[in-house]
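# Report on the structure
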Amino acid sequence: MTLKYDIGKVLFSQEKIASRVTELAAQIAKDLAPGRELLVVGILNGAVFFLTDLVRSMPRDLDVRIDFMSVSSYGNETSSSGVVRILRDLGSDIEGLDVLLVEDIIDTGLTLSYLLEFLQTRRPASLKTCVLLDKNVRRMVPVAVDYCGFAIPDAFVVGYGLDYAGKWRHLPDIHDVEISKA
Ligand code: IMP
């Protein structure tokens, strides 16, 4: 049976996302010790939209740097393969730095859990996590999420960086995906 995937209803509008991102940025800045530099690490490609909005909402006088990592993703599937591969590593050393790992969505937790362990070996001063969406009912491994935009039920979502088979990242709102018989 062939299935057809379509953009479904809006779960989070761009206005709602923007207002939550502003709150998260304020909280992250408040939690940072005075005078400390913050390295914000985004996971490509999904976290790009979230990361760029997040750092632009941070106070102008905060010492913020950004970097990116790329890991293997689901391909065309909508469930985790359980395999995490580093495709692109950080551009510089993180030893002694306050690092904030930013991800679009946490689902099984396999990706973030692997990355946290991987980055911890490089001895950052602190390592925190920030996710826009948390599908916590599907968690397979425990992961400490320090900052979370929204908790969501078990639905596949697209838009604002999130894709299905590479599509729909560019949508400004976050939608669910409707699956029907083709
Ligand atoms: P985890 O390793 O299962 O926690 O999955 C994290 C990654 O799976 C995210 O970075 C996304 O790339 C992808 N993912 C999980 N759920 C969704 C979804 O609903 N829409 C789009 N991508 C998703």
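Refer to the structure printed above.
Described below are features of the structure shown in this document.

What counts, and where the lines are drawn
- Residues numbered from 1 in each chain as written.
- Predicted model: local features only at pLDDT ≥ 70, side-chain atom pairs only at ≥ 80, totals over all residues.
- Heavy atoms only, no water.
- Helix = DSSP H or I, 4+ residues; strand = E, 2+ residues; numbered from the N terminus.
- Rg over C-alpha atoms; globule rule 2.2 N^0.38 Å.
- Buried < 20%, exposed > 50% of the residue type's maximum accessible area, 1.4 Å probe, protein only.
- Contact = heavy atoms within 4.5 Å.
- Lys, Arg positive; Asp, Glu negative; His and termini not counted.
- Charge placed at Lys NZ, Arg CZ, Asp CG, Glu CD.

## Thoughts on the overall build of the chain
A count of helical and extended segments in the chain gives three helices and nine strands. Walking the chain from its N terminus toward its C terminus, one meets helices and strands in the order β-α-β-α-β-β-β-α-β-β-β-β. For a compact globule of 182 residues, the expected C-alpha radius of gyration is about 16 Å, and the chain comes in at 16 Å, within 12% of that figure. Seen through its C-alpha atoms, the chain measures out along the principal axes to roughly 55 × 35 × 25 Å. Looking at the chain as a whole, 43% of its 182 residues qualify as buried. A fraction of 69% describes how many contacts in the chain between residues 6 or more apart in sequence connect residues 24 or more apart. Each charge class in the chain was averaged separately, 20 positive and 25 negative side chains, and the resulting centres sit 2 Å apart.

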